[in-house]
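Single-letter residue listing:
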Amino acid sequence: DSNAAAGNYYLQLPHYSGYGTYHLRYNITPCSKQNDAEPNDTWDTAGEIARGVTNDARLGYDYYNSTDTKDWFKFVVPEEGVVTITVHSEETLKIGYGEIKAVNADGSDTDRRAGRWFDIPDSTLVLTLPNAAAGIYYLYMPHYSGYGGYTLRYDFTPCAIGNDVADNDTWE
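Presented here is an overview of the structure given in this document. (Residues numbered from 1 in each chain as written. Predicted model: local features only at pLDDT ≥ 70, side-chain atom pairs only at ≥ 80, totals over all residues. Heavy atoms only, no water.)

Overall, antiparallel pairing links the four strands, which are arranged β2-β9-β4-β7 in an open sheet. Each of the sheet's edge strands pairs with one partner strand only, and the pair in question is β2 (54–59) and β7 (124–132). Averaged over all adjacent pairs, the angle separating strand axes in this sheet is 25°, with direction ignored. Pairing between β2 and strand β9 (residues 148–158): six bridges, direction antiparallel. Along β9, the bridge assignment pairs Asp56 with Thr151. (Pairing = 2+ DSSP bridges. Helix = DSSP H or I, 4+ residues; strand = E, 2+ residues; numbered from the N terminus. Axes fitted to C-alpha atoms, helices over the stretch in contact; angles between N-to-C directions.)

The next thing to look at is a nonpolar patch on the surface. Residues Leu11, Leu13, Tyr22 and Leu24 make up a contiguous nonpolar surface patch of about 470 Å² in total accessible area. When you line up the elements, Tyr22 lands in the segment before β1 (47–48). (Patch = residues over 30% accessible without salt bridge, like charges linked within 9 Å, V, L, I, M, F, W, Y side chains within 5 Å. Areas by Shrake-Rupley, 256 points an atom, 1.4 Å probe, with all protein chains shown as cover. Salt bridge = Lys/Arg side-chain N within 4 Å of Asp/Glu carboxyl O.)

Read across the sheet, five strands follow the order β1-β3-β8-β5-β6 without closing on themselves; strand pairing throughout is mixed. Pairing within the sheet leaves two strands with one partner each, and these edge strands are β1 and β6 (110–118). Taken together, the six bridges between strand β5 (residues 93–103) and strand β8 (residues 135–146) define a ladder with antiparallel strand orientation. Bridged to Leu93 within β8 is Gly146.

This paragraph deals with the packing of aromatic side chains. Each aromatic ring pair is specified by the distance between its two centres and by the angle formed by the two planes. Following the criterion strictly, the structure yields seven aromatic pairs and no others. Ring geometry for Trp43 against Tyr138: centres 5.5 Å apart, planes inclined by 75°, an arrangement best described as edge-to-face. Here Trp43 is found in the segment before β1, whereas its partner Tyr138 is found in strand β8, with 95 residues between them in sequence. A residue is classified by how much of its surface remains accessible, and Tyr138, at 8% relative accessible area, is buried. Each ring, one from Phe75 and one from Tyr154, has its centre 4.5 Å from the other, and the planes form 40°; the classification is tilted. Of this pair, Phe75 sits in strand β3 (residues 70–77) while Tyr154 sits in strand β9, placing them 79 residues apart in sequence. Overall, Phe75 belongs to the buried group, its relative accessible area being 0%. (Phe/Tyr/Trp six-rings, centres within 6.5 Å; stacked < 30°, edge-to-face > 60°. Buried < 20%, exposed > 50% of the residue type's maximum accessible area, 1.4 Å probe, protein only.)

So yeah, pure geometry; function would need other evidence.
Set out below in structure tokens:
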């Protein structure tokens, strides 16, 4: 097993003793998932994902001594309703505690709205935010261990009943 990213690699075979010939063979098994657009290691560099579309991503690959340890994705919630994020990772990858986040009031960071562990490889796991308001949200997917690809899908179910009249928070 290896978490090697694309690139040039060199193998050195030093002579120990004796003489003779040898045969060298190597195999490359590519990841079955396309890589997500990098960089996306912070919420403000997150790539946007569309509702109802399955997206490929990767974590845990070594890029010149820098391992891809987190992915951020941005998505838009059109109105009040339920957000569902469905994730399936390859058997070689454990994802950590994934979170749905929103930018805080002063715009300096993000606050967690919902989260769950995605640390069961080769399984389909679901993260739900049942009380989402309209707005922009972020999905944080951290590397836990291993390497590999995963798929994620953002789905949305609108609230079945329309919202009440605005500015009715008091009796006055």
